[in-house]
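Each chain, letter by letter, is given below.
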Amino acid sequence: NAKPKPPVHSRLQKQADNTYLLSWEGQKDTPENEAVKYLIYRFDHAKLPDFNSPENVLSLTGESKVILPAKQQSATLAIVAVNRNNRCSEPVLLHW
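Structural notes, computed from the coordinates. Each residue is numbered by its place in its chain's sequence as written, counting from 1. Residue-level local features of this predicted model are given only where pLDDT is at least 70; pairs of side-chain atoms are given and counted only at 80 or more, and the full residue set underlies all totals for whole chains, interfaces and linings. Hydrogens and waters are ignored; side-chain quantities use all the structure's heavy atoms.

Attention now goes to the packing of aromatic side chains. In this analysis, rings of Phe, Tyr and Trp, with Trp reduced to its six-membered ring, are considered paired at centre separations within 6.5 Å, and the interplanar angle assigns stacked below 30 degrees, edge-to-face beyond 60, and tilted for intermediate values. Tallied over the entire structure, the rule returns five aromatic pairs. Taking 5.3 Å as the distance between ring centres and 65° as the angle between the ring planes, the aromatic pair formed by Trp24 and Tyr38 counts as edge-to-face. Taken together, the residues span a long stretch of sequence, with Trp24 in strand β2 (residues 20-25) and Tyr38 in strand β3 (residues 35-44) at a distance of 14 residues. In this structure Tyr38 comes out as buried when scored by relative accessible area, which is 7%. With a centroid separation of 5.9 Å and an interplanar angle of 10°, the aromatic rings of Tyr41 and Phe43 are classed as stacked. Secondary structure follows DSSP: runs of H or I at least 4 residues long count as helices, runs of E at least 2 residues long count as strands, and numbering of each begins at the N terminus. For the exposure calls, accessible area comes from a 1.4 Å probe over protein chains only, and a residue counts as buried if that area is under 20% of its type's maximum, exposed if over 50%, partly exposed in between.

Structure, rendered in structure tokens:
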């Protein structure tokens, strides 16, 4: 089983109510590798990203966007595509 392709065209946009819209696009792939959901991680800048720690998971969604609360402190966000076999893509990192 191969990994799914990572998301592309990721954007982080501040909204009028001080929340943030994080959006991206999935890439076309073979049916068994195409992303069916996305994991969103949040890491403090001072720490190394730990993708194995559940406390870093911000959201799991079948959509290509999530609304994030008003920013409390700087952080790194990661978007990971997940296929139907629960294989994960390489992360796409954004600074928040």
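We define a nonpolar core as any set of buried Ala, Val, Leu, Ile, Met, Phe, Trp, Tyr and Cys residues linked to one another through side-chain atoms lying within 4.5 Å. Counting residues in hydrophobic clusters, the biggest one holds 13 residues, and the most contacted among them are Leu22, Trp24, Ile40, Val66, Leu68, Ile79 and Trp96. Of all elements in the fold, only β2, β3, β5 (65-68) and β6 (75-83) reach the threshold of two or more residues within this core. When residues of this core are assigned to their parent elements, the largest contribution, four residues, is made by β6. Apart from the residues lying within four places of it in its own chain, the contact partners of Trp96 are Leu12, Tyr20, Arg42, His45, Leu68, Pro69, Lys71, Gln73, Ser74, Ala75 and Leu77. Counting six residues, the second largest nonpolar core, distinct from the first, contains Tyr41, Phe43, Ala78 and Val82. Whether two residues are in contact is decided by their heavy atoms, any of which lying within 4.5 Å being enough.

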